[in-house]
Amino acid sequence: VGALLWLALQGTGGKREHVATPVAVVKAYRQQLHDSVEALGTAYANESIDITATASDIISSINFADGQTVKKGDVIVRLEQREEQAQLKAAQAQLEEHKREAERIGSLLKNKAASQRDYDERQTLIKITKQEIEAIEARIEDRTLRAPFDGVLGIRRLSEGALVQPGDLITGLDDVHRIKIDFTVPALHLSTLKPGVAIEARSDAVEGKIFTGEI
């Protein structure tokens, strides 16, 4: 043991030659690392509906072209409504007549030249006529097809003069301002998927463009 200890002390007591070792220096910087998963998916419009007839009648006007962009509330198709429009005008005229008569009876009532019963009857007729007008306007609105949201219309399936039944397809409407993508990933990566995770999508139909979104 003593001999080994002496050799160790001898070794530490001598001078050592320092040999320069070349090193590479790289500036440190932060970088976010993430795993990427590739998957094939199918794109769908954010909203998509079929525009169908709501009543049995003849198409009187078509107010769109194939592929036209429309805003919510824009009139797409009108069904025949001449009868309803005539009924509406008659009811509105009747309402004005009831109002004038009610005003006349009200003036006489102040001088006790008319009965309260006559005045109340006229007020009742005013209410009934207003309800009739609302019902006619509802039938007219049923025959006026409007866009329920902003979007792009599809191919026109019918022409003016065609007789339609409730449910008959007239065209389609798609909201393509946002796109939904349905895709599948291996079960191994399911734990990393959660709301808010960023995704990128590419389509062969739009070469070179990257669509961004989130889960």
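Residues numbered from 1 in each chain as written. Predicted model: local features only at pLDDT ≥ 70, side-chain atom pairs only at ≥ 80, totals over all residues. Heavy atoms only, no water.

**Quick word on the overall build of the chain**
- The secondary structure content of the chain amounts to three helices and 10 strands.
- Ordered by position in the sequence, the α and β elements of the chain form the string α-β-β-β-β-α-α-β-β-β-β-β-β.
- Its C-alpha radius of gyration of 40 Å places the chain more than 25% over the 17 Å reference for a compact globule of 215 residues.
- For the chain, the spread of C-alpha atoms along the principal axes amounts to about 145 × 50 × 30 Å.
- Burial status across the chain gives 21% buried among its 215 residues.
- Considering only contacts in the chain between residues 6 or more positions apart, those separated by 24 or more positions represent 70%. (Helix = DSSP H or I, 4+ residues; strand = E, 2+ residues; numbered from the N terminus. Rg over C-alpha atoms; globule rule 2.2 N^0.38 Å. Buried < 20%, exposed > 50% of the residue type's maximum accessible area, 1.4 Å probe, protein only. Contact = heavy atoms within 4.5 Å.)

**Observations concerning helix α3 (residues 116-142)**
- Its 27 residues give α3 an end-to-end C-alpha distance of 40 Å, which sits within 8% of 39 Å, the value for a rise of 1.5 Å per residue.
- Where α3 is concerned, the buried positions are Arg122, Ile126, Thr129, Ile133, Ile136 and Ile140.
- Contacts from the buried residues of α3 go to α2 (82-110) and β5 (144-146). (Expected span 1.5 Å × (residues − 1).)

**Focus: the nonpolar core**
- Core analysis: the largest hydrophobic core is formed by 17 residues, its most contacted members being Ile59, Phe64, Ile76, Val77, Leu79, Leu153 and Leu173.
- Looking at this core, the elements with two or more residues in it are β2 (57-62), β4 (75-79) and β8 (169-183).
- With three residues, β4 is the single largest residue contributor to this core.
- Ignoring any residue separated from it by four or fewer positions in sequence, one finds Leu153 in contact with Phe64, Asp66, Gly67, Gln68, Val70, Ile76, Thr171, Gly172 and Leu173.
- Counting eight residues, the second-largest nonpolar core is a separate cluster that includes Leu88, Ala91, Ala102 and Ile140. (Core = buried A, V, L, I, M, F, W, Y, C linked by side-chain atoms within 4.5 Å.)

**A few points about the sheet that holds strand β1 (residues 41-52)**
- Strand order in the open sheet made by the four strands is β1-β8-β6-β3, with antiparallel pairing throughout. Of all the strands in the sheet, just β1 and β3 (69-70) have a single pairing partner and so form its edges.
- When β3 meets strand β6 (residues 151-153), the two strands line up antiparallel, connected through two bridges. In the strand pairing of β6, Thr69 is matched with Val152. (Pairing = 2+ DSSP bridges.)

**Let's talk about the pattern of salt bridges**
- What the rule picks out here adds up to eight salt bridges.
- For Arg143, the salt bridge is made with Asp57, and the minimal N-O distance between the two is 3.3 Å. Of this pair, Arg143 sits in the loop between α3 and β5 while Asp57 is found in strand β2, placing the two residues 86 residues apart along the sequence. The same class applies to Arg143 as to Asp57, namely buried.
- A salt bridge links Arg82 to Glu80, with the nearest nitrogen and oxygen atoms 2.7 Å apart.
- The structure contains a network of salt bridges with shared partners spanning Asp57, Glu84 and Arg143. (Salt bridge = Lys/Arg side-chain N within 4 Å of Asp/Glu carboxyl O.)

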